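A structural walkthrough
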Amino acid sequence: MKPSALPLLLLCAGLLSSCATTQPPPAPTAAAARVPDGLHPNPKTPGQPWIRVDNQKQSLTLFDGTGREMRHYIVSTAKNGLGEKAGSLQTPRGWHRVCDKIGEAAGENTIIYRRAVTPWQYSPALHAEYPDKDWILTRILWLCGMEPGRNQGGDVDSYDRAIYIHGAGSHVPWGKPSSRGCVRMKSPDVIELFRLVPLGTDVLIEETTG
């Protein structure tokens, strides 16, 4: 072999070696389905309506099965902040479900006591007489936790703690935490929500939506 041919042979061998060891590019994967702007589909049960309670914004939003916003309300969550422990008087976080609905035929501002609809009516004057009373009015959507160890079971069970979305009186400082653990709503708002939401609806209570 002529000396001048040696570099050329080495170059060809190097190119062949490189081609043999180079991995082919990965096959393109299907692009993830893009959620249209403004839609917030249910991340827990896709295709189903759901409720999001934003503790920081003190709001409750109902979305339909496509993630379209149906209703948006100002609420009031726990004065003691967020937490799951029994006796904490805090609003529990995480995924819940509407497990019971109470008060379907009750009039606006009807007092519900120990989950029984009473003949009594709330009024600002009645609240002034009993200012420390935690008035539960008009409708109850009773929540049960869906996350074992966080808001379901033991001393963190939201259902056992009687955590509700419920109506409350005009004395409530809407948009500010003030409850003893429940999610308070204005009576007309909770009547509407009660009508729109079936049993089993997913509810996410979170600190913030960012």
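For the structure, check the block above.
What counts, and where the lines are drawn
Residues numbered from 1 in each chain as written. Predicted model: local features only at pLDDT ≥ 70, side-chain atom pairs only at ≥ 80, totals over all residues. Heavy atoms only, no water. Salt bridge = Lys/Arg side-chain N within 4 Å of Asp/Glu carboxyl O. Helix = DSSP H or I, 4+ residues; strand = E, 2+ residues; numbered from the N terminus. Buried < 20%, exposed > 50% of the residue type's maximum accessible area, 1.4 Å probe, protein only. Disulfide = S-S within 2.5 Å. Phe/Tyr/Trp six-rings, centres within 6.5 Å; stacked < 30°, edge-to-face > 60°. Pairing = 2+ DSSP bridges.

Side note on the pattern of salt bridges
For the structure shown, the criterion picks out 8 salt bridges. Here R71 ties to E192 by a salt bridge, and the two come within 3.1 Å at their closest N and O atoms. Highlighted residues: R71 in strand β3 (residues 69-74) and E192 in helix α3 (residues 187-196), separated in sequence by 121 residues. R71 sits in the partly exposed class, given a relative accessible area of 28%. Assessed through its relative accessible area of 23%, E192 is described here as partly exposed.

Regarding the state of the cysteines
All told, the structure shown has 1 disulfide when counted by the stated rule. The disulfide partner of C99 is C144, and the gap between their sulfur atoms is 1.7 Å. Highlighted residues: C99 in strand β4 (residues 94-102) and C144 in strand β7 (residues 137-145), separated in sequence by 45 residues. Judged by relative accessible area, which is 27%, C99 ranks as partly exposed.

Comments concerning the packing of aromatic side chains
Taken as a whole and judged by the stated rule, the model has 5 aromatic pairs. Taking the centre distance of 5.8 Å and the plane angle of 40° together, the rings of W50 and W95 count as tilted. Taken as a pair, W50 in strand β1 (residues 50-54) and W95 in strand β4 lie far apart in primary sequence, 45 residues in all. What makes W50 buried here is its relative accessible area of 3%. According to the relative accessible area criterion, W95 is buried, its value standing at 12%. Summarising the aromatic geometry, the rings of W142 and Y164 are spaced 5.8 Å apart at their centres and angled 90° between planes, so their arrangement reads as edge-to-face. With W142 in strand β7 and Y164 in strand β8 (residues 164-168), this residue pair connects regions lying 22 residues apart in the sequence. With a relative accessible area of 10%, W142 lands in the buried category. Y164 sits in the buried class, given a relative accessible area of 5%.

Section: the pairing of β8
The buried count for β8 comes to 5 of 5 residues, which makes it a mostly enclosed element. Examined bridge by bridge, β7 and β8 share 4 bridges and lie antiparallel to one another. Among the inter-strand pairings, W142 is bridged to a residue of β8, identified as Y164. Strand direction decides the pairing type here: β8 and strand β9 (residues 183-186), joined by 4 bridges, are parallel. Opposite A168, over in β9, you have K186 as the bridge partner.

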